[in-house]
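# Coordinates in review
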Amino acid sequence: MEHYESNITFPISSPGVKSNQPDEALDTMAINGLGLVNPEKVYHFYDELHSYLASAGIDGVKVDVQNILETLGSGHGGRVKLARKYHQALEASISRNFPDNGIICCMSHNTDGLYSAKRSAVIRASDDFWPRNPASHTIHIASVAYNTIFLGEFMQPDWDMFHSLHPMAEYHAAARAVGGCPIYVSDKPRHHDFNLLKKLVLPDGSILRAKLPGRPTKDCLFADPARDGKSLLKIWNMNDYSGVVGVFNCQGAGWCKVGKKNLIHDENPGTVTGIIRAKDIDYLSTVADDKWTGDAVIFSHLCGEVFYLPKDVSIPITMKSREYEVFTVVPVKELSNGVKFAPVGLIKMFNSGGAIKEFGSGFNGISNVSMKVRGCGLFGAYSSARPKLINVDSEEVEFSYEEESGLVTTELSVPEKELYQWNISIDF
C-alpha cells in the first residue's frame, strides 16, 4: 500500500451521531484506526482495484460505508473537501472500468457524499434486510419510502436484497415491485420460492419495472404508519399506461431512542383501515387521453378482483399486522361505441401494468383496442362489454369474460425471444 501513501487515521464522530446511534464498529475504529488512502492517490487505488475486477468479469460494485469519510476530514481540508476528492476519484474509476455506471452507493446518506456524487445513480435507501430481526421488516419498507421523498429527486433509491424463502418474503417482494428499483435476492443456493419470484421476474430474466422511485402517497406524508396505530403506508408509482399502489400495514415496530435500535413496541397491533382511490397516484392523468373523465379501474393482486371507480370514489381496505396488497390503477377509456375499457396487464405479477408497452384504440374506424404486451401468463383487462374476438400476433385466441366484474382474461405463452412484445387486438 506504500505507493498509495496510506496512513492509519482515527475517526472523529460528531456528538449528534454519537448520541443518536452509538456504534461498536465505529468505536473500535476510533481506538484502532483505519487505513486512509491519500486523497491525491485515491484514483489510482480505485482504478487498480476496479480494473482487476472488470478483467475478471465483474460488471459493477457496491461501495459500502461511504459516510465514514465525514469522520476523517482532519488534516485533509475538512470532511467536505475529503468527500469530494474521494467521490470524484471513485466515479472516474467507475466510468473507466464499468461503462454501464455499475455502482451502488451504500451507507452514504451524509450530505457531503450526496452532494459530491455527480454520476452515481443508485443509492441504498435504508438499513439492511435483516432476516433474523423481526422488528426490522416493517420499518425497512417505511424508511425506504420516506427517504425516497428526498433521495428519489436525484438518485435511484435501492431497496436492498431479500430472501425469497422467508416469513416476510411476500411483503418485501411487493415493496420491490412498486419501488421502481432493481430487484435481487440473497437466497442460499437451492433455497428459493420460485412461485414468489415468478411474480417479480419474467422467464427471460427481465422485470416489470415501474418508471419512478416509489414514494408515499400524499395522505401518508404527515402520518406515522409504523407507530400511530391507525395509518396504512401507501406507496405509489407509474407505468406507461397505469399506476400502481402498494399498501402495507407497518404498525408495531420502530426506532427506540433508549435502546438505539429498532424494536417491536406492540406485539399484537390491531387491524388498520384506509382507503384506495385513483388520485393516490399523482401522475395518473398523464397516461390517460384528453377525454378522460376521471373514472378508473382498480385491480387487487391478492384478491384477483377488478373494481370500477367513478371519479373521486374510493374503496376501503382493512389489513392485519404485516399484511400487504398491490393495486393496479388504470384510467378508463371510452370507445366510439360506448364500451369502456382499461388494460390491466399480467395479473399474476405484482406490477401487472408494467407489461403494457403500447395501447391505442379506434383503428380503421372500428371499435377495437390494440396493445403490445411483454411477458407471459394470464393477461387481464376490464371491459364493460364482452369482446367479439381477441387476436394475439394475428391469431385468434380463447378468452374468458366475467359479466359481473367485466374482467377479460387470456393466456399468453412464453415468448421465444427476450423482451418480446405480443401484439394483442380486441374487437367489440
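Structure: above.
Residues numbered from 1 in each chain as written. Predicted model: local features only at pLDDT ≥ 70, side-chain atom pairs only at ≥ 80, totals over all residues. Heavy atoms only, no water.

### Some points on unusual backbone geometry
In the Ramachandran plot, valine 65 falls in the positive-phi region, its phi being about 55° despite a non-glycine side chain. You can see valine 65 is positioned in the loop between strand E3 (61-63) and helix H4 (79-97). Given a relative accessible area of 34%, valine 65 falls into the partly exposed group. Phi is positive for methionine 107, which is not a glycine, with a value near 50°. Take methionine 107: it is sitting in the loop between strand E4 (103-105) and helix H5 (111-116). (Helix = DSSP H or I, 4+ residues; strand = E, 2+ residues; numbered from the N terminus. Buried < 20%, exposed > 50% of the residue type's maximum accessible area, 1.4 Å probe, protein only.)

### Quick word on the sheet that holds strand E9 (residues 243-248)
Reading across from one edge, E7-E8-E9-E16-E13-E14 is the order of the six strands in this open sheet, with antiparallel pairing throughout. Strands with a single pairing partner mark the edges of an open sheet, and in this sheet they are strand E7 (215-216) and strand E14 (305-309). Of the strands in this sheet, E7, strand E8 (233-238) and E9 are in contact with helix H6 (residues 136-151), which crosses E8 at around 55°. Packing against the sheet, helix H7 (residues 169-178) makes contact with E8, E9 and strand E16 (324-331), and its axis sits at approximately 150° to E9. (Pairing = 2+ DSSP bridges. Contact = heavy atoms within 4.5 Å. Axes fitted to C-alpha atoms, helices over the stretch in contact; angles between N-to-C directions.)

### Looking at the packing of aromatic side chains
To describe a pair of aromatic rings, you give the distance between the ring centres and the angle between the ring planes. Scanning all chains against the criterion turns up 12 aromatic pairs. For the pair tyrosine 171 and phenylalanine 248, a centre-to-centre distance of 5.3 Å together with 75° between the ring planes defines the contact as edge-to-face. On the criterion of sequence distance, the pair formed by tyrosine 171 in helix H7 and phenylalanine 248 in strand E9 is long-range, its members being 77 residues apart. Assigned by exposure class, tyrosine 171 and phenylalanine 248 land together as buried. Each ring, one from tyrosine 308 and one from tyrosine 382, has its centre 5.5 Å from the other, and the planes form 50°; the classification is tilted. Taken as a pair, tyrosine 308 in strand E14 and tyrosine 382 in strand E21 (residues 377-383) lie far apart in primary sequence, 74 residues in all. (Phe/Tyr/Trp six-rings, centres within 6.5 Å; stacked < 30°, edge-to-face > 60°.)

### Observations concerning the packing of H6 against H7
It is at 10 Å that the axes of H6 and H7 come closest, and there the two elements cross at 5°. In terms of axis orientation, H6 runs roughly parallel to H7. Contacts between H6 and H7 involve His137, Thr138, His140 and Ile141 from the first element and Tyr171, His172, Ala175 and Arg176 from the second. Here the residues of the contact of H6 with H7 sort into three nonpolar, four polar and one charged. (Parallel < 35°, antiparallel > 145°, perpendicular 65-115°, else oblique. Nonpolar A, V, L, I, M, F, W, Y, C, P; charged D, E, K, R; others polar.)

### A word on the sheet that holds E4
The strand order across the open sheet formed by four strands is E3-E4-E5-E6, and the pairing between neighbours is parallel. Both edges of this open sheet fall to E3 and strand E6 (156-158), since each of them pairs with a single strand only. Each strand axis lies, on average, 30° off the axis of its neighbour in the sheet, ignoring direction.

### Remarks on the nonpolar core
By size, the foremost hydrophobic cluster in this structure holds 52 residues, and its most contacted members are Tyr86, Ile141, Ile235, Phe248 and Phe350. For this core, the element with the most residues is H7, which contributes seven residues. Excluding residues that lie within four positions of it along the chain, tyrosine 86 makes contacts with Leu36, Val37, Pro39, Val42, Tyr46 and Leu69. Residues Leu346, Ile390, Tyr401 and Ile424 belong to the second largest nonpolar core, which totals 25 residues. (Core = buried A, V, L, I, M, F, W, Y, C linked by side-chain atoms within 4.5 Å.)

### Considerations on empty space enclosed by the protein
The full count for this structure, using the stated rule, is three cavities of 30 Å³ or more. In terms of lining, the largest cavity is formed by 14 residues, of which the most central are Ala177, Ile183, Leu200, Leu208 and Asn351. When the residues that make up the lining of the largest cavity are grouped by side-chain class, the tally is nine nonpolar, two polar and three charged. Roughly 30 Å³ of internal volume is contained in the second largest cavity. Along the walls of the second largest cavity sit Gln66, His87, Cys105, Ser108, Gly113, Leu114, Ala117, Ile123 and Met155, which together make up its complete lining. (1 Å grid on protein atoms, 1.4 Å probe; cavity = no way out; pocket = protein on both sides within 12 Å on 5 of 7 lines; lining within 4 Å. Points joined across faces, edges and corners; volume = space filled by probe spheres on them.)

### Some thoughts on the environment of isoleucine 235
Residue placement: isoleucine 235 occurs in strand E8. We classify isoleucine 235 as buried; its relative accessible area is 0%. The contact partners of isoleucine 235, leaving out residues within four places of it in the chain, are Ile141, Ala145, Trp159, Val178, Gly214, Arg215, Pro216, Val244, Val245, Gly246 and Phe248.

### Description of H6
For H6, with 16 residues, the first-to-last C-alpha span of 21 Å sits near the 22 Å given by 1.5 Å per residue. Looking only at H6, the buried set comprises Ser136, His137, Thr138, Ile139, His140, Ile141, Ala142, Val144, Ala145, Thr148 and Leu151. (Expected span 1.5 Å × (residues − 1).)

### Looking at the layout of surface pockets
Rolled over the atoms, a probe with the dimensions of a water molecule shows which regions are left empty. Of the pockets and cavities examined, the largest pocket occupies roughly 1500 Å³. For the largest pocket, the lining is made up of 43 residues, of which Gln21, Asn67, Met107, Asp127 and Trp255 are closest to its centre. Those elements that place two or more of their residues in the lining of the largest pocket are helix H1 (15-20), helix H2 (24-32), H6 and strand E11 (261-264). It is H6 that provides the largest number of residues to the lining of the largest pocket, a total of seven residues. When the residues that make up the lining of the largest pocket are grouped by side-chain class, the tally is 16 nonpolar, 17 polar and 10 charged.

### Notes on a nonpolar patch on the surface
Taken together, Tyr115, Phe150 and Phe154 make up a surface patch of nonpolar side chains, about 320 Å² in accessible area. Tracing the backbone shows tyrosine 115 in helix H5. (Patch = residues over 30% accessible without salt bridge, like charges linked within 9 Å, V, L, I, M, F, W, Y side chains within 5 Å. Areas by Shrake-Rupley, 256 points an atom, 1.4 Å probe, with all protein chains shown as cover. Salt bridge = Lys/Arg side-chain N within 4 Å of Asp/Glu carboxyl O.)

### Observations concerning the state of the cysteines
One pass over the structure, following the stated rule, counts zero disulfides. Not part of a disulfide, cysteine 256 finds its nearest cysteine sulfur in cysteine 250, a span of 19 Å. (Disulfide = S-S within 2.5 Å.)

### Some thoughts on helix H3 (residues 42-55)
Helix length check: H3 (14 residues) gives 20 Å between terminal C-alpha atoms against 20 Å at 1.5 Å per residue, within 8%. Listed as buried for H3 are Val42, Tyr46, Asp47 and His50. The buried residues of H3 occupy an angular sector of 125° when the element is viewed end-on, so they sit on one face. Residues Tyr52 and Ser55 are exposed on H3 and point more than 90 degrees away from its buried face. (Arc of directions from axis to C-beta.)

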